[in-house]
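Residues per chain, in single letters:
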Amino acid sequence: MRFKVLLFLALLIYIFSSSFMNMSEFNQDIYSKEILKEITIDKKEIDVFENKSLEDINVTQKKVKAWIIIIGYEKESQKKIISKLNNSGYSTKHNAKKMYYSLGPFVDSSHAKEESKKLKNIHGINNKIIDFIF
């Protein structure tokens, strides 16, 4: 039994001896130099938060795209359309010259399309979606 225990311990020492030898031979100075190499800081990354005056900043485009829903009407159907829209909770803007109501603006085209489908399918109001840039 003692022979088996001694054989087992000798086997473990033999297997792990190379790792113990490497750990003991490893120079502490080399280890600290390797750590310092990994912690280098790039000055360009730190200067990201540098304050610049507003005069140095150039804006090339001031364009934002938005969508509105246009609901055209005729004199006879004006009251009917506005009552449906108000009862549904929509707030509209009225253009009396061109005879239409507008809903929006919508930031996303999918939202405008969804509202347009609701108006057409649920309320039976014909409309169209127009995009504009401001």
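(A) Focus on the sheet that holds strand β2 (residues 93-95). Spatially, β2-β3-β1-β4 is the arrangement adopted by the 4 strands of the open sheet, whose pairing is antiparallel. At either margin of the open sheet sits one strand with a lone partner, and together these are β2 and β4 (128-133). For this sheet, the mean inter-axis angle between neighbouring strands, taken without regard to orientation, is 35°. This element, helix α5 (residues 109-123), spans β1 (65-72), β3 (100-106) and β4 of the sheet and lies at about 15° to β1.

(B) Structural context of the packing of aromatic side chains. Scanning all chains against the criterion turns up 1 aromatic pair. Ring centres of Tyr73 and Tyr101 lie 5.1 Å apart, and the angle between their planes is 35°; this geometry places the pair in the tilted category. Taken together, the positions of Tyr73 in the loop between β1 and α4 (78-88) and Tyr101 in strand β3 put the pair 28 residues apart, joining distant regions of the chain. With respect to burial, Tyr73 and Tyr101 carry one shared label: buried.

(C) Looking closely at the pairing of β1. The buried fraction of β1 is high, at 6 of 8 residues. Taken together, the 6 bridges between β1 and β4 define a ladder with antiparallel strand orientation. Across the sheet, Ile68 pairs through a bridge with Ile130, a residue of β4. Inspection of the sheet shows β1 paired to β3 by 5 bridges, in the antiparallel sense. In the strand pairing of β3, Ile69 is matched with Leu103.

(D) Main features of α5. The end-to-end C-alpha distance of α5 is 20 Å, a good match for the 21 Å that 15 residues give at a rise of 1.5 Å each. Of the residues making up α5, those classed as buried are Ala112, Glu115, Ser116 and Leu119. End-on, the buried residues of α5 take up no more than an arc of 100°, which puts them together on one face. The exposed set on the far side of α5, more than 90 degrees from its buried face, consists of Lys117, Asn121 and Ile122. Those residues of α5 that are buried lie in contact with β1, α4, β3 and β4. Immediately beyond the C-terminal end of α5, within one or two residues, lies Gly124, with a positive phi of roughly 70°.

(E) Structural context of a nonpolar patch on the surface. The grouping of Val5, Leu6, Phe8, Leu9, Leu11, Leu12, Tyr14, Ile15 and Phe16 at the surface amounts to a nonpolar patch, some 940 Å² of accessible area in total. As for its position among the elements, Val5 is in helix α1 (residues 2-25). On the basis of relative accessible area, Val5 is assigned to the partly exposed category, the value being 46%.

(F) Layout of unusual backbone geometry. Positioned with a positive phi, Met99 is a non-glycine residue whose angle comes to about 60°. By the element assignment, Met99 lies in the loop between β2 and β3. Since its relative accessible area comes to 29%, Met99 is described here as partly exposed.

(G) Expanded view of the nonpolar core. Counting 13 residues, the largest nonpolar core has Ile69, Ile71, Ile81, Leu85, Leu103, Phe106 and Leu119 as its most contacted members. Elements with a contribution of two residues or more to this core: β1, α4, β3 and α5. When sequence neighbours within four positions are dropped, the list of residues in contact with Leu103 reads Ile68, Ile69, Ile71, Tyr90, Ser91, Thr92 and Leu119.

Reading the values: the criteria
- Residues numbered from 1 in each chain as written.
- Predicted model: local features only at pLDDT ≥ 70, side-chain atom pairs only at ≥ 80, totals over all residues.
- Heavy atoms only, no water.
- Pairing = 2+ DSSP bridges.
- Helix = DSSP H or I, 4+ residues; strand = E, 2+ residues; numbered from the N terminus.
- Axes fitted to C-alpha atoms, helices over the stretch in contact; angles between N-to-C directions.
- Contact = heavy atoms within 4.5 Å.
- Phe/Tyr/Trp six-rings, centres within 6.5 Å; stacked < 30°, edge-to-face > 60°.
- Buried < 20%, exposed > 50% of the residue type's maximum accessible area, 1.4 Å probe, protein only.
- Expected span 1.5 Å × (residues − 1).
- Arc of directions from axis to C-beta.
- Patch = residues over 30% accessible without salt bridge, like charges linked within 9 Å, V, L, I, M, F, W, Y side chains within 5 Å.
- Areas by Shrake-Rupley, 256 points an atom, 1.4 Å probe, with all protein chains shown as cover.
- Salt bridge = Lys/Arg side-chain N within 4 Å of Asp/Glu carboxyl O.
- Core = buried A, V, L, I, M, F, W, Y, C linked by side-chain atoms within 4.5 Å.

Note that all results are geometric; they support no functional claim without further evidence.
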